[in-house]
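If you want the building blocks of each chain, they are given just below.
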Amino acid sequence: MLIAPAPNPMPTGNLLISVVMPCYNAAPYLTEAVESALRQSYSNVELILIDDTLRTMIHDGVGEHELERYARKFTPSIRDDGLARVLKGETTIEEVLRVTRED
């Protein structure tokens, strides 16, 4: 009998994981939930918070670009966040480009 090894649950390479977090009517728990999502061992993560306005936009069938434009008012893209970290001396431009390149 041949038993295959269990798959590795951790993403490999530059895979960006998007965590979508509904946050309407959740104010008392929001800080703890966001901190928990960002404390995970895998660091190439973007956190997308779904507030009442974004929820309504999704329900109304608003286009992808308009949804992203609204969301980016509150949450920078991973590349924009990386560039801000380069300016602070926390990382290098090479690392930002490696992590955010589109294949």
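Residues numbered from 1 in each chain as written. Predicted model: local features only at pLDDT ≥ 70, side-chain atom pairs only at ≥ 80, totals over all residues. Heavy atoms only, no water.

A.B. asks: What am I meant to see in the environment of Thr53 here?
C.D. replies: In this structure, Thr53 sits in helix 2 (residues 52-59). When the C-alpha positions of Thr53 and Leu67 are compared, they lie 9.9 Å apart, and in sequence the two are 14 residues distant. (Helix = DSSP H or I, 4+ residues; strand = E, 2+ residues; numbered from the N terminus.)

A.B. asks: Teacher, can you tell me more about the pairing of strand 1 (residues 17-22) here?
C.D. replies: In summary, the side chains of a regular strand alternate between the two faces of the sheet. The pairing of strand 1 with strand 2 (residues 45-50) spans six bridges and is parallel. Bridge pairing links Val20 to Ile48 in strand 2. Traced from strand 1 through helix 1 (residues 27-38) to strand 2, the parallel crossover comes out right-handed. (Pairing = 2+ DSSP bridges. Right-handed = clockwise from strand over helix to strand, strands pointing away.)

A.B. asks: What exactly am I supposed to notice about the confidence of the model for the protein here?
C.D. replies: Low pLDDT means the predicted atomic positions in that stretch should not be read closely. Of the residues in the protein, 84% have a pLDDT of 70 or more, and the chain-wide mean is 82. Here strand 2 stands out as the element of the protein with the lowest mean pLDDT, 83, in contrast to helix 2, whose mean of 92 is the highest. (pLDDT = per-residue confidence, 0-100.)

A.B. asks: How should helix 2 be read in this particular structure?
C.D. replies: Think of an α-helix as 3.6 residues a turn; residues three or four steps apart then line up on the same face. Where helix 2 begins, one side-chain oxygen reaches toward the backbone nitrogen of Thr53, 3.2 Å away; that side chain belongs to Asp51. Just beyond helix 2, the residue with positive phi is Gly61, at close to 75 degrees. (Polar contact = N/O pair within 3.5 Å; in protein donor to acceptor, adjacent residues only side chain to side chain.)

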